[in-house]
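# Coordinates in review
Chain residues, written in single-letter form:
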There are 2 protein chains.
Amino acid sequence: MEVTRLNFGEIIPELENDITSSHFLAIDGEFTGLHTGQDFNAFDTPQQYYAKLRSGGMDFLLVQLGLCTFRYNKDTGQFTHKAYNFYVFPRPFSRSAPDPRFLCQSSSLDFLVSQGFDFNKLFKEGIPYLTEAEEKKLREQLEEKQKARANSSSSKNEDSSASIPIPEEHTELIEDVCVRINDFLSNDEQDELILDGYNGFVRKLIYQTVGERFDSRSMHVETRAIDNHNRALVVTRALSDEDRKKKEEERQEQEKKELDTAVGVSSVIRMISQSGKLIIGHNMLLDICHILHQFCTPLPESYSEFKELVTFMFPRILDTKYMSCMDPFKDQISSTVLGHLHKTLSGEPFELVNVAPAVEGRGYASAEEKAHEAGYDAYLTGVCFLTLANYLGSLEEPAKKPVLPNSPLLRPYINRLHLMRVQDVTFIDLTGEDAEPPRDHVFHVTFPKEWKTYDLTQLFSPFGSVYVSWLTEASAYVGLHRRDQAQLVLNTLTQSDTYSVERYTEHVKRIKQTQRQ
Amino acid sequence: MEVTRLNFGEIIPELENDITSSHFLAIDGEFTGLHTGQDFNAFDTPQQYYAKLRSGGMDFLLVQLGLCTFRYNKDTGQFTHKAYNFYVFPRPFSRSAPDPRFLCQSSSLDFLVSQGFDFNKLFKEGIPYLTEAEEKKLREQLEEKQKARANSSSSKNEDSSASIPIPEEHTELIEDVCVRINDFLSNDEQDELILDGYNGFVRKLIYQTVGERFDSRSMHVETRAIDNHNRALVVTRALSDEDRKKKEEERQEQEKKELDTAVGVSSVIRMISQSGKLIIGHNMLLDICHILHQFCTPLPESYSEFKELVTFMFPRILDTKYMSCMDPFKDQISSTVLGHLHKTLSGEPFELVNVAPAVEGRGYASAEEKAHEAGYDAYLTGVCFLTLANYLGSLEEPAKKPVLPNSPLLRPYINRLHLMRVQDVTFIDLTGEDAEPPRDHVFHVTFPKEWKTYDLTQLFSPFGSVYVSWLTEASAYVGLHRRDQAQLVLNTLTQSDTYSVERYTEHVKRIKQTQRQ
Ligand SMILES: Nc1nc2c(ncn2[C@@H]2O[C@H](COP(=O)(O)OP(=O)(O)O)[C@@H](O)[C@H]2O)c(=O)[nH]1
Ligand SMILES: Nc1nc2c(ncn2[C@@H]2O[C@H](COP(=O)(O)OP(=O)(O)O)[C@@H](O)[C@H]2O)c(=O)[nH]1
């Protein structure tokens, strides 16, 4: 189901119920871009990887959140699902609301639009959001504003600053405005008088003159935004005390409602967090980072605080990309791209789990091709998860089916996020120390910037095949395939004016020392 | 007329002719945002203003370029116009093309979409562009690539690096692929064999094995992008020398065409520049900056180089916002917002010039309300310009009409760009030194961050009214309305633990010294 700000309020009770009664949830996000160009390196440590992700990726926007709830029915022994596609856009709801700037990557927008993503709908009907800190600040500001209004309601229209002499070229205009206000006040035909077409300075002069010449008990002036960009002055007749009070109450009610609405998607994330359900995603590190950063709180600089934050917000996570890269799956699955994975799981030796929509029109059928709609990808991820889980069960003696989200068989896969493009550390361990595989066979090499990969493989050819991971145009990490050749490299390749070769561990140590100085 | 990449190629000859035969051009741009939040200050110097514009505004994208050509017909004594709306989007056209990242401001997107701007069309059909440096680099790269292809066409498929041993879990898959290739080569049923669903590592293994086992004279493997994000290997039968040559020629032709197309909107800007025509805009500093930065060359850091760049590219510019703020117009025009200006110029003492479309369907009628479509705003700007110009002529003895773009009456307004929000310098003088009005009456004030404007006006109340221009939450520039009070301020307000007051000129001098150290 598509969720925009037009139906968001309505669906909340249903959504809340779906989340609470579900057995697990699957999520997926669509973004305006992936990275600012700073490339990941095959020998990044998980900590370095996180630092790059945080500094280079979080300025993009999550514009669609897919959420799929999965529920197990004991009687039928079947799962059903319900899918939600939230359009997400931080349209400022008032002048004091945040007006976020965000990055876009051309190729990502091109990709989304080629998949049928509707950007006009996004910008028109996207649901807003606020981080917790933003919400808190806005609530405080609103309270202050309301208090200030209560205190000033008795004081005069007049600006308390000393008055500006009216420049000659504006006197006629100002006199003219006063005549129009007098006319307006002396008959009851109109409810308000709109004074449009004056710049900020002229408006200031009008405020000042009105304060001097008119009684604030009989009339009121305020600035109002019209046609989005221009501002006009609006003159209204003063109200009786009772009417004023009633109007003020209505206004406060309205302001509170506006702010509640502005919390938008963030309230969905809070629901998910509070439910404590198992959350499934495919290659979900980026999704998790964006969800926390955009809807909850800016990502912390510290990698260990990041891990704590994730497990605090989402205590049980499972990444199907990680799962399908591990035993007993890795030898049977030649590509873990979501579409490919789904195809592989549709054949032997797997038994694809059929998950019907809980309600007609609120879900997908596997056969449908809506790839890259976030809700569909979330649905597909859930189906893959159930299929992988059941396969684990089928290997047991006696075979277990179905394998439910709380099964101990899943334990090895919980709270581990797949790491893309890193050579030898395949996941982030959210609740433990990350692996630190030995890198004695890896070297930091510097060379003339004219060199290509070919020159590096030539240089190392006496020691067998190598894996080259570029750092800059004049440096790279080079990994030996034959680890036993490492000492030989150090004995052979150290003396040269053209290039330099240093052990990975030495290089990292030296970098750390330089940074400390 | 709407111009997208679907009709861009077609309209170029017509556009070229329209520009060459025009008497002047009007332009306008729509952007994904305005500024990153760093605010302009009422006492910025033009140089400071430019520095802020450059660092805080150029990461946004110009997404629509409005161009309106105006032509004077001597026989009828009338102007006609033709309007173009270019949708602009840097969709990468190949893997080596730039994939720009750009900023968006939520409120700006909200504004554009509320005006009916079609973002789906933008991202799908927007016309690309290249700066001169980007184009040059891509042409060189293409040449190199083509040369490399020519040299390698005779060599083997095999990768020259030492081979990677095939991991056990992949041997079955690789053998299977070899069987499929053999089958494909041994009968003529298919033109190509697509090997889809393998990750980068497996693809590398396949390349390597193919190189070892198959004769490159009989078959060819290449990587091709499918469904936008995934890559597949494509196997084809080798061609005869003649066929290969023909195919290579076609490919080179295609690559050159692709690159020419990629220059897109930049070629329009070059046409405009080369035409040397008078270019009109309304509040056009931002438009000029974006046009140069996006389509020609990144804005220079130096302010004087910026001025040189503008006059080099566009030797004659006229800003109708600047013009209407100056004598003899300023007393008669209370708001210079484009819509307001047009309305004011529609009444006495002005005589709005009627400019019909040169061709039915290629322009606007004044009555139409298409505000904030770039082409319409350009059209309106041109109409306002002609009306202002004719008004100048009507003041002459004897009255002159029409006033054409080369009239000496326009000289005082040429090459001066309106400066928004600066108190006392109203324009950038592109061909001279900017004004440096005395600021003896302005003070730099620091104070506790709890202070509001009210506290500042209170502090200065003995010296009359003041203009407060905030710098940070604890500092501001304060300008006296009564300049003669400046010395009194210095005598009275210098001794305090709570605040400090310093002459503007002293403050600026001190800042410069600190920066130099
Ligand atoms: N002398 C003087 N100029 C002012 C004052 N307030 C605003 N202005 C000028 O009026 C113009 C528009 O004001 P602004 O508040 O930015 O309104 P905007 O039209 O909504 O952007 C600017 O050029 C300001 O410098 C004031 O108190 N004194
Ligand atoms: N051992 C080894 N791994 C490689 C080699 N080339 C690529 N990989 C791994 O294969 C995976 C995908 O490679 P990549 O070139 O990024 O292809 P992508 O699937 O298009 O992103 C990565 O995890 C790489 O670490 C290689 O030469 N040796």
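The shown structure was predicted, so the numbers you read here are calculated from the model rather than taken from an experiment. (Residues numbered from 1 in each chain as written. Chains lettered and ligands numbered in written order. Predicted model: local features only at pLDDT ≥ 70, side-chain atom pairs only at ≥ 80, totals over all residues. Heavy atoms only, no water.)

## Focus on the interface of chain B and chain A
With 56 residues of chain B in contact, the opposing surface of chain A contributes 55 residues. Here chain B and chain A share an interface that buries about 4,600 Å² over both sides, 58% of which is from carbon and sulfur atoms. Where chain B meets chain A, there are 2 salt bridges. In this structure, the salt-bridge partner of Asp-110 of chain A is Arg-91 of chain B, at a minimum N-O distance of 2.9 Å. Elements with a minimum of two residues in the side of chain B that touches chain A: strand 5 (101-105), helix 3 (106-114), helix 4 (119-125), helix 6 (168-186) and helix 14 (453-460) of chain B. Sorting elements by how many residues they give to the side of chain B that touches chain A places helix 3 of chain B first, with 7 residues. Residue classes in the side of chain B that touches chain A are distributed as 22 nonpolar, 23 polar and 11 charged. Here 5 bridges tie strand 5 (residues 101-105) of chain A to strand 5 of chain B, and the two strands are oriented antiparallel to one another. (Contact = heavy atoms within 4.5 Å. Buried area = accessible area lost by both parts, 1.4 Å probe. Salt bridge = Lys/Arg side-chain N within 4 Å of Asp/Glu carboxyl O. Helix = DSSP H or I, 4+ residues; strand = E, 2+ residues; numbered from the N terminus. Nonpolar A, V, L, I, M, F, W, Y, C, P; charged D, E, K, R; others polar. Pairing = 2+ DSSP bridges.)

## Looking at the pairing of strand 8 (residues 230-237) of chain B
Residue and element names in this part refer to chain B. Of all 8 residues in strand 8, 6 are buried, a share of seventy percent or more. When strand 6 (residues 192-195) meets strand 8, the two strands line up antiparallel, connected through 4 bridges. Across the sheet, the residue bridging to Leu-195 is Leu-233, located in strand 8. (Buried < 20%, exposed > 50% of the residue type's maximum accessible area, 1.4 Å probe, protein only.)

## Here we look at the pattern of salt bridges
Residue and element names in this part refer to chain B. By the definition in use, this model includes 49 salt bridges over all chains. Between Asp-260 and Lys-256 there is a salt bridge, and its shortest N-O distance comes to 3.0 Å. Residue Asp-260 and its partner Lys-256 are both found in helix 8 (residues 241-275); the two are separated by 4 residues, about one turn of the helix. For Asp-260, a relative accessible area of 35% corresponds to the partly exposed category. The class of Lys-256 is partly exposed, set by a relative accessible area of 45%. As a salt-bridge pair, Asp-429 and Arg-416 come within 3.6 Å of each other at their nearest N and O atoms.

## A few points about the packing of helix 2 (residues 46-57) of chain B against helix 9 (residues 285-296) of chain B
Angle between the axes and distance between the axes: these two values describe a pair of packed helices. Residue and element names in this part refer to chain B. It is at 11 Å that the axes of helix 2 and helix 9 come closest, and there the two elements cross at 55°. Of the possible angle classes, the one that applies to helix 2 and helix 9 is oblique. As for how helix 2 packs across helix 9, the hand of that crossing is right-handed. Only Leu-285, Leu-286, Cys-289 and His-290 of helix 9 make contact with helix 2, whose side of the interface consists of Tyr-49, Leu-53 and Gly-57. Tallied by class, the residues present in the contact of helix 2 with helix 9 amount to 5 nonpolar, 2 polar and no charged. (Axes fitted to C-alpha atoms, helices over the stretch in contact; angles between N-to-C directions. Parallel < 35°, antiparallel > 145°, perpendicular 65-115°, else oblique. Left-handed = near helix turned anticlockwise from the far one by under 90°.)

## A look at the sheet that holds strand 17 (residues 500-503) of chain A
Residues and elements named next belong to chain A. Reading across from one edge, 15-16-14-17 is the order of the 4 strands in this open sheet, with antiparallel pairing throughout. Among the strands making up the open sheet, the edge pair consists of strand 15 (466-472) and strand 17. Here the average twist between neighbouring strands, direction ignored, is 25°. Where strand 14 (residues 442-446) lies against strand 16 (residues 475-480), 5 bridges are found, and the strand directions are antiparallel. In the strand pairing of strand 16, Phe-443 is matched with Val-478. Helix 16 (residues 504-516) contacts strand 14, strand 16 and strand 17 of the sheet and is inclined by roughly 90° relative to strand 17.

## So, the site of ligand 2
Every residue near ligand 2 is listed here: Arg-421, Gln-423 and Tyr-467 of chain A together with Ile-164, Gly-200, Phe-201, Arg-203, Lys-204 and Arg-231 of chain B. In this structure, ligand 2 sits where chains A and B come together, each supplying nearby residues. Separating an oxygen atom of ligand 2 from a side-chain N or O atom of Arg-203 of chain B is a distance of 3.3 Å. For the shell around ligand 2, the element with the most residues is helix 7 (residues 200-213) of chain B, which contributes 4 residues. Of the residues in the shell around ligand 2, the class split is 3 nonpolar, 2 polar and 4 charged. (Near = heavy atom within 4 Å. Polar contact = N/O pair within 3.5 Å; in protein donor to acceptor, adjacent residues only side chain to side chain.)

## What about the state of the cysteines?
Here a disulfide denotes one covalent bond, and it connects the sulfur atoms of two cysteines. Residue and element names in this part refer to chain A. Applying the stated criterion across every chain yields a total of 0 disulfides over all chains. With no disulfide of its own, Cys-296 lies 12 Å from the sulfur of Cys-289, the closest cysteine sulfur. Residue class for Cys-296 comes out buried when judged on its relative accessible area of 4%. (Disulfide = S-S within 2.5 Å.)

## Brief notes about helix 10 (residues 303-313) of chain A
Residue and element names in this part refer to chain A. All of the buried residues along helix 10 are Tyr-303, Phe-306, Lys-307, Leu-309, Val-310 and Met-313. On an axial view of helix 10, the arc spanned by its buried residues comes to 160°, and they lie on one face. The outward face of helix 10, more than 90 degrees from its buried face, is lined by the exposed residues Glu-308 and Phe-312. Residues of helix 10 that are buried in the fold lie against helix 2 (46-57), helix 8 (241-275), helix 9 (285-295), strand 10 (317-319) and strand 13 (427-429). (Arc of directions from axis to C-beta.)

## Let's talk about the domain arrangement of chain A
All names here are of chain A. For chain A, the assigned domains are domain 1 (2-130 + 262-429), domain 2 (138-242) and domain 3 (442-516). Taking only C-alpha atoms into account, the centre of domain 1 sits 51 Å from that of domain 2. Between domain 1 and domain 2, the residue contacts involve 7 residues of the former and 4 residues of the latter. Roughly 330 Å² is buried in total at the junction of domain 1 and domain 2, and carbon and sulfur atoms are behind 58% of that figure. At the junction of domain 1 and domain 2, the tally comes to 0 salt bridges. One can count 0 residue pairs in polar contact (both at pLDDT 80 or more) joining domain 1 with domain 2. Along the lines of polarity and charge, the residues of the side of domain 1 that touches domain 2 split into 5 nonpolar, 1 polar and 1 charged. (Domains from an automatic or database assignment.)

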